[in-house]
Structure formats: structure tokens, C-alpha cells
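Structural description and commentary
Residues per chain, in single letters:
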Amino acid sequence: MPPFDHNRTPLFDAMVALAESRKVSFHTPGHKSGKGISTRFRKFVGPKVFSIDLTCLDEVDSLQKPRGVIREAQELAADIYNADQSFFLVNGTSGGNQAMILSTLNPGEQVAVTRILHKSVVSGMIMTDCRPVFIPLHRSDKTSLLLNDRTADIVKTLDQNPDIRTLFLTSPNYYGVTVNLEKIVEEAHRRNVRVLLDEAHGPHLHFHESLPMSAMNADVDMCVQSTHKIIGGMTQASILHVRKNRIDIGRLSTALRYLQTTSPSYILMASLDLARMQMATEGKKLLGKALELARRGREKIRKIPGLTCIDRAEVKSLSLGDNDLDETKLTVGVSGIGLTGYQVSQRLNLEFGIQVEMADLMHVLVIVSIGDHRDDIDRLVFALERIAGSPGTKTSIDEHSYAQAPYLLNPIRMPPRTAYFSAQEYVPLEDSEGATSADIVTVYPPGIPLMIPGELITRDVLDYLLIMRETGATLDGLDPSNQHIKTVLPGH
Ligand SMILES: Cc1ncc(COP(=O)(O)O)c(C=O)c1O
């Protein structure tokens, strides 16, 4: 087969050609190439974008059954990412995580799962009725930062549960900390276990040698990447990549057909086609610049009295060489200036017009990407210097509370699906110790569930949740007043 030409963008080209042919449309979308769209909308974004807001037509192929330009665009993605097959996703990595689970696990089957999981993994488990065996969460005593899973803990979990055939991990985590994929995949495959990876935060890793190893290069069996989070995809646009040996492609295609909308946005799919072309043709240069900016920012932030910004060497040393860091993520520790991450994030926004990816009790997280410039980094450093120099009202929150966050090995009382479909009642949070959670409860960000349906509500998780509620963190999974939690009705 001739080598793939990665300058090509078959889907986008077909969309433009169709738009320029000016055919009369008696099909969806009802705005008919923008002629029926609200004038305010058209004035702001311009008319052209509506001409490529298309539906499944012969010229532009169908995501549900790709045979033409979508198939070609997916083949180009598979080629560049070193996958056997790739699938475009229009419901983010959330939909991809669900599809990975629905296509590999059966009702009642056990799966070894990281506790650093996104809630879409839990919903996938509820759909399939598979049974999670969680890998013990690891946190270094020397830092409040959540590291990622350790190879030894994963291997131990697999050896203690020899019937498990599927391992599900997240890498990088939200803070850019990766696992030792090469070693883990080798250990898993030796035990005839397939490895599924939520690589939402890693669509760029493949394109620069200074970044940690990407999933498909480490021989992971299937992974999903949020192309929209870090590189040029538009929001919601993700890609799922597969190695065929341990994955039933037919079952995966069925799961994707069931889970994805039958009206996928062509604009989102075109953004995947173009993002692949951009990364293939100039990814190394663009990411090199992003890395340079991130390193410049990290170096300067580390010099600001009271602030920290963990680097690659520290992550490696804290994890005894097992974890690594994507340096484009800057995790700025702020407890040394007596403020919470939430306070610093708010001041950056209100006083300096800077919006960060997220804040937690002790950090703000800054994502540096191919869209940033030196001025942006310098503005961030300037703002952090100002805030650190005049921190104002300090937090009343005990700075160690984050470090005391639970290790999330909550006893599992019933499978997630059983709890989800059980009779349920809301109880006041304060009185819920000893009950069984019926919902996913998450402190957002970073969005790692503190409880999933079927888990016992323990004192330490409850105490942590109460502290986080006091700090003003967003609690997902409680009632709108944040006072009540959904539990399984006793006796059910
Ligand atoms: C680790 C992880 N996985 C999956 C997701 C969901 O990805 P998406 O927003 O593309 O659906 C997120 C979103 O924040 C995430 O952080």
C-alpha cells in the first residue's frame, strides 16, 4: 500500500466541495445552509460555517457506516497514531469510554479499574453490569498532588484476581501525570489481560519525543483521546483507536452505533480530520513551542515565593520512577501563600482576565497548548507574582485537609448497576454514614468520583465531602441544595 499522504483532508475537502456546489437542500438540518438561521447568530460567526453544517449524504459519507470520505479520514488517523483502526467520536471521550466497556465486558464479569476514573466509566459499568475491582489509589505523603497508578499495584490486583481479562486505566491524569504504560501493557498481556486506556488528556503525546509515551505506541489494545482538549479538535470531538488482537471490532462498531447520535456534527468530524493533518504535518514544531512556553512558565513560577510547580524530575522521584509528567500541564501549588486554589483562580479571572483549566483546594491547573503565546505565559506569571505578593484574606481551611483526602477504597456493597436500579431515598449528607450510595458523587474538578453507586458511605469520605462543600467546590451528584445524598433504600 502506498504511504498515506497526511496533507490530505478527505472529509473536509468533500464538505467544502458539497457546500460550493450550492445544491438545493430538502433535508436536515432545517436551517438549510444557514438561510434559516437566526440573524444574530449568522452575524457573529459569519455565513460560511452553516454551509458545512451537513447531514449524512452520499458526498460526505455516514459515521454510522463509513464507506467513503469518513472512512478515509479515519484510516489516516489510524495510520498516524499507529492504530489498526480508528473511529471518530462526536460525544467526547465520555462516549468512547462507554463504548470501550460495552464492547469488551459482559454482565457479571470483573474488570480491574483505576480509581482515577471519569464518571463515563461508571456509566459504562452500569450499562454492562460488569463488576469493578479497584486498583489501590496511590498518593505520595510528600505532596498533596494525586499521582497515577503504580505498576506494582496493578500487577498485584491482576495476580489477586486471575479471572480478570480487562484492565482499565486513565493516563495522563488531569494533572498530566502518566503511568508506566510500556511495562503495564507487557505485564497485562503476559497474563492475557487486555488494556483499555482513557487517554482523554493525551492526544498530543504521540507527536513529540519529549512527551511521555502515547497509548498506541505502548501497544495498548484500545484508547480514547479528547482531540478537543489539547489539540485542534472542536469541543466534543474525540477519537478511539484500536489494536485488533484482543478487541472484537464488530462488537465495538455495534456499541458505537448504539451509543452515538445518528445526527453527528460534520463540523466536529471535520475538525478531527484537520487536527490529524495539522499534527501529522507540523505537530512536532507546534508542540515543541508549547513545551518551551510551559518550561519557561514553570521555571518562573517556581521562583515565586510561596508557590510551587511540580516538574518531571519530582514526579519521577516521588513515584520512584514509575510515573512521568506531561510538561505542558502546570500544576501551581498555592497553599504556601495561604490561599486556596479556588481563591487564586477567582482572582486570576476577576483581576487579571486569566481563566485556568481548574482549581482544587491547593492548586490551580494551567494547560499550555499549541494555541498559546509567550505574552500569555508572561501575563500569567505577572499575575501570580502579584497575587503571591499580596495574598489578602487567607483561607480558614486547614491546608492539610486535601492531603487527608480519602484513599477511595470504599467497601463495595453491591454492583453499580444494582445500586443504580434500586429503590432510593435522599438523606441529609450529615446522616448518611453507613448508607449505600446510589449515585456518582464527584468533587469537580478534577471530577474523580468520591463514591460510585453501590459503595458504602464511609466516615472519611463524608468528612472530606463536608470540607469540600465548605470551600465552595462544585459537588456533583448531590441534590441541588448540596444538602442531601441519594442512597439505596435499606432492605433493597
Ligand atoms: C480523564 C477524563 N476522561 C474522560 C473525560 C471526558 O471527556 P470528554 O469531555 O471528551 O467527554 C474527561 C473530561 O474531563 C477526563 O478528564
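Residues numbered from 1 in each chain as written. Predicted model: local features only at pLDDT ≥ 70, side-chain atom pairs only at ≥ 80, totals over all residues. Heavy atoms only, no water.

A separate point is the sheet that holds strand β17 (residues 474–476). Read across the open sheet, the 3 strands follow the order β16-β15-β17; overall the sheet is antiparallel. With one partner strand each, in any of the chains shown, β16 (449–451) and β17 form the two edges of the open sheet. Each adjacent strand pair in this sheet contributes to an overall mean axis angle of 30°, direction not counted. Here 2 bridges tie strand β15 (residues 441–444) to β16, and the two strands are oriented antiparallel to one another. Across the sheet, Val441 pairs through a bridge with Met451, a residue of β16. Here helix α16 (residues 459–471) sits on the sheet and contacts β15, β16 and β17; the angle it forms with β16, its principal contact strand, is near 130°. (Pairing = 2+ DSSP bridges. Helix = DSSP H or I, 4+ residues; strand = E, 2+ residues; numbered from the N terminus. Axes fitted to C-alpha atoms, helices over the stretch in contact; angles between N-to-C directions. Contact = heavy atoms within 4.5 Å.)

Taken domain by domain, the protein holds domain 1 (63–258), domain 2 (284–389) and domain 3 (416–488). In this structure, domain 1 and domain 3 have C-alpha centres spaced 26 Å apart. Taken residue by residue, the interface counts 15 residues in domain 1 and 17 residues in domain 3. Across the interface of domain 1 and domain 3, roughly 1300 Å² is buried in total on both sides, 66% from carbon and sulfur atoms. The largest per-residue losses of area from domain 1 upon contact with domain 3 belong to Arg115, Lys119 and Ile126, which jointly make up 42% of the total buried on that side. Across the pair Asp476 and Lys119 runs a salt bridge, and its minimum N-O distance is 2.9 Å. The interface formed by domain 1 and domain 3 includes 5 residue pairs in polar contact (both at pLDDT 80 or more). Elements with a minimum of two residues in the side of domain 1 that touches domain 3: α6 (119–128) and β3 (131–134). Among the elements that line the side of domain 1 that touches domain 3, the one with the most residues is α6, at 5 residues. Residue composition of the side of domain 1 that touches domain 3, by class: 12 nonpolar, no polar and 3 charged. (Domains from an automatic or database assignment. Buried area = accessible area lost by both parts, 1.4 Å probe. Salt bridge = Lys/Arg side-chain N within 4 Å of Asp/Glu carboxyl O. Polar contact = N/O pair within 3.5 Å; in protein donor to acceptor, adjacent residues only side chain to side chain. Nonpolar A, V, L, I, M, F, W, Y, C, P; charged D, E, K, R; others polar.)

This brings us to the pairing of strand β6 (residues 194–198). Most of β6 sits out of view: 5 of its 5 residues are buried. Of the two faces of β6, the one lined by Arg194, Leu196 and Asp198 and the one lined by Val195 and Leu197 are each fully buried. When strand β4 (residues 166–170) meets β6, the two strands line up parallel, connected through 5 bridges. What sits directly across from Thr170, in β6, is Asp198. (Buried < 20%, exposed > 50% of the residue type's maximum accessible area, 1.4 Å probe, protein only.)

Right, let's talk about the site of the ligand for a bit. Within the structure, the ligand sits among 13 residues, and Thr93, Ser94, Asp198, His201 and His228 are positioned closest to it. Interatomic distance of 2.6 Å between a side-chain N/O atom of Ser94 and an oxygen atom of the ligand. The separation between an oxygen atom of the ligand and a polar side-chain atom of Ser226 is 2.9 Å. Look at the ligand: alone it shows 390 Å² of surface, and the protein chains cover 86% of it. Put simply, the parts of the chain that give the shell around the ligand at least two residues each are α5 (92–102) and α9 (227–230). Looking at the shell around the ligand, the element that brings in the most residues is α5, giving 4 residues. Taken together, the residues of the shell around the ligand break down into 1 nonpolar, 10 polar and 2 charged. (Near = heavy atom within 4 Å. Areas by Shrake-Rupley, 256 points an atom, 1.4 Å probe, with all protein chains shown as cover.)

In the segment running from Thr28 into Pro29, the intervening peptide bond is cis, with an omega of -5°. In this model, Arg22 sits at a positive phi of 50°, which is unusual for a non-glycine residue. Take Arg22: its relative accessible area is 73%, and that puts it in the exposed class. Although it is not a glycine, Asp129 adopts a positive phi angle of roughly 65°. Mapped onto the elements of the fold, Asp129 is located in the loop between α6 and β3.

Along the polypeptide, Thr128 turns up in helix α6. Taking relative accessible area as the criterion, Thr128 reaches 6% and is therefore assigned buried. There is a polar contact of 2.9 Å between the side chain of Thr128 and the backbone oxygen of Gly124. In this structure the side chain of Thr128 is engaged in a polar contact, spanning 3.4 Å, whose partner is the backbone nitrogen of Cys130. Residue contacts for Thr128: discarding those within four places in its chain leaves Ile101, Leu102, Leu105, Asn106 and Pro107.

For the rest of this paragraph, the subject is the nonpolar core. Generally speaking, nonpolar side chains in soluble globular proteins are found buried as a group. In this structure, Ile301, Leu307, Val344, Leu348 and Leu384 are the most contacted members of the largest nonpolar core, which totals 51 residues. When residues of this core are traced back to their parent elements, those giving at least two are α11 (266–302), β11 (329–333), α13 (341–352), β13 (363–367), α14 (374–389), β15, β16 and α16. It is α14 that contributes the most residues to this core, 7 residues altogether. In contact with Ile301, not counting residues within four places along its chain, are Leu307, Thr308, Cys309, Leu330, Val332, Leu380, Val381 and Leu384. (Core = buried A, V, L, I, M, F, W, Y, C linked by side-chain atoms within 4.5 Å.)

Attention now moves to the packing of α5 against α6. Contact geometry of α5 with α6 gives a least axis separation of 8 Å together with a crossing angle of 35°. The hand of the α5/α6 crossing is right-handed. Contact residues: α5 offers Thr93, Ser94, Asn97, Gln98, Ile101 and Leu102, while α6 offers Ser120, Val121, Ser123, Gly124, Met125, Met127 and Thr128. (Left-handed = near helix turned anticlockwise from the far one by under 90°.)

Attention now moves to the sheet that holds β4. The strand order across the open sheet built from 7 strands is β1-β8-β7-β6-β4-β2-β3, with neighbouring strands paired in mixed fashion. Of all strands in the sheet, those bounded by a partner on one side alone are β1 (85–89) and β3. Each strand axis lies, on average, 20° off the axis of its neighbour in the sheet, ignoring direction. Looking at chain direction, strand β2 (residues 110–113) and β4 are connected through 2 bridges and run parallel. By the bridge assignment for β4, Ala112 is matched with Leu167. Its contacts with the sheet place α11 against β1 and β8 (238–242), and it is angled at close to 140° to β1.

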